[in-house]
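# Structural description and commentary
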Amino acid sequence: MATATDGAPRKRRLVGIDAARGLALIGLMAIHLLPAWNEQTGEASWSWRLFSGHSAALFALLAGVGLALGSGARQPREGRALTADRVSVLVRALLIVTVGMTVNAAMPEDPPAYNILFYYGMFFILAIPFLHARPKTLFIWAAAFGVLSPLLMQRMLDVLPEWWYYNPTLPNVLSNPAGTLSQLLLTGNYPALPYMTYLLVGMGLGRLDLRAVRTQVRLVIVGVALTLLAQLVSAVLLYGLGGYSVLQEASRLSESTLDEILVWGTDSLPTDTGWWLAITTPHSNTPLAIATSLGLSLAVLGVFLLISQKIGDWLLPLSAMGSMTLTLYSAHLLALSLELHYYSPYLWYLVHVLVAAVFAVIWQRTLGQGPLERVVAYCAKRTRRLVAGQGGNANPGKTRNS
């Protein structure tokens, strides 16, 4: 049995969490590499329908689960131990941002993909005040972020400062700090305030007994129900109560253009009418879009937790990838920056997935924790020990799903 940094015994990693994180990584690779539409029909491709927006949401949900597991799990720490956890999460956030901006520096000005790591650090920073919270409190706050953040986002888009870089580097941040902050919180590709819904729900789940079959079944049921309910409410608002017509009139859009927006979305949520909040388009970050992605993420996590108890060994490629997503995602983006993938997207997608899976399995079986994960974990754990007054050397090779 692994040993925690505070000397308390720890249970084995939950393979289902790692496997779900591995699926999220594969989904992001699909969005980055595969065509978004069918060239013959012009309709959205299977990869777009399955993964667009949902993979990032699953990543954020699992990040929250990891934060909870790493800060006491079902028993949130208090006092000096809680302070140590908070400082540790801050260190982890800063390191992730550093990795993200380093990768961004290698990306072309017109990037082949948008890097979520830059936003990920902000997710962690915003989560620090919630590390002591119990599940009920976390779920209430998640609901508040899910409803209020889209309203704030739509109201503030016309007055927030502009940003010019899809994947900011340190010079970009220093030259436009206000624009960068608004990008991180509300106007970017993965705005932190709406995404806090996923993160806080994940933290709430990490405070529950995720090894209990009853919890896992509930995740699947609640996830499927939430997704279906969000889609139903959106359909009623748009097509039953006239929202579709209002969108056409307010935005002066043709029916074909509006239909395209409802599939592909826009660069930013239009501000001409509040009826735009009724759509569920990926990356629109409306309340119903958030609910849809959150429901799917809950269902995916529940399914993987359930099946991992029976076929955990068969999930090794996914779970190994999911245990080192920081390393693999960074390598994936660096490979994309070479821009070799445009003419054979399916071949390159297969290459990226296979190389990631083989590397992850071999590395995990021989060396344990992924290379970047090992560095981040060492720094975070060392910081936690120093703040907690424990001293000694942290062992980054023994962790749970944090």
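This is a predicted model, so every value here is computed, not measured.

Relative orientation of the contacting elements helix H1 (residues 15–33) and helix H13 (residues 287–311) amounts to 130 degrees, with a least axis distance of 8 Å. As far as their axial angle goes, H13 and H1 are oblique. H13 is crossed by H1, and the crossing has right-handed handedness. On H13, the residues touching Val15, Gly16, Ile17, Ala19, Ala20 and Leu23 of H1 are Val300, Leu301, Phe304, Leu305 and Ser308.

Mapped onto this structure's residue numbering, the UniProt feature "domain: Heparan-alpha-glucosaminide N-acetyltransferase catalytic" (unreviewed entry) falls at residues 13–218. The span residues 13–218 is 68% helix and 0% strand, and its two end C-alpha atoms sit 21 Å from each other.

Along the polypeptide, Thr273 turns up in the loop between helix H12 (255–264) and H13. Apart from residues lying up to four places away in sequence, Thr273 is in contact with Gln154, Val246, Leu247 and Ala250.

Once that is clear, we can look at unusual backbone geometry. In this model, Arg252 sits at a positive phi of 55 degrees, which is unusual for a non-glycine residue. Overall, Arg252 belongs to the exposed group, its relative accessible area being 77%. Backbone geometry at His283 places phi at a positive 70 degrees, although glycine is not the residue there. Its location among the elements puts His283 in the loop between H12 and H13. Owing to a relative accessible area of 33%, His283 belongs among the partly exposed residues under this scheme.

Looking now at the confidence of the model for the protein chain. Do not read the predicted coordinates in detail wherever pLDDT is low. With 94% of its residues at a pLDDT of 70 or more, the protein chain shows a mean pLDDT of 90. Predicted confidence is poor over residues 1–9, with pLDDT under 50, and the contacts of this stretch with residues over four places away or in other chains come to 14 contacts. Counting contacts from residues 392–399, a segment whose pLDDT is below 50, to residues more than four positions away or on other chains yields 23 contacts.

Each value, and the rule that gives it
Residues numbered from 1 in each chain as written. Predicted model: local features only at pLDDT ≥ 70, side-chain atom pairs only at ≥ 80, totals over all residues. Heavy atoms only, no water. Axes fitted to C-alpha atoms, helices over the stretch in contact; angles between N-to-C directions. Helix = DSSP H or I, 4+ residues; strand = E, 2+ residues; numbered from the N terminus. Parallel < 35°, antiparallel > 145°, perpendicular 65-115°, else oblique. Left-handed = near helix turned anticlockwise from the far one by under 90°. Contact = heavy atoms within 4.5 Å. UniProt positions renumbered as here; feature names shortened; annotations may be inferred. Buried < 20%, exposed > 50% of the residue type's maximum accessible area, 1.4 Å probe, protein only. pLDDT = per-residue confidence, 0-100.

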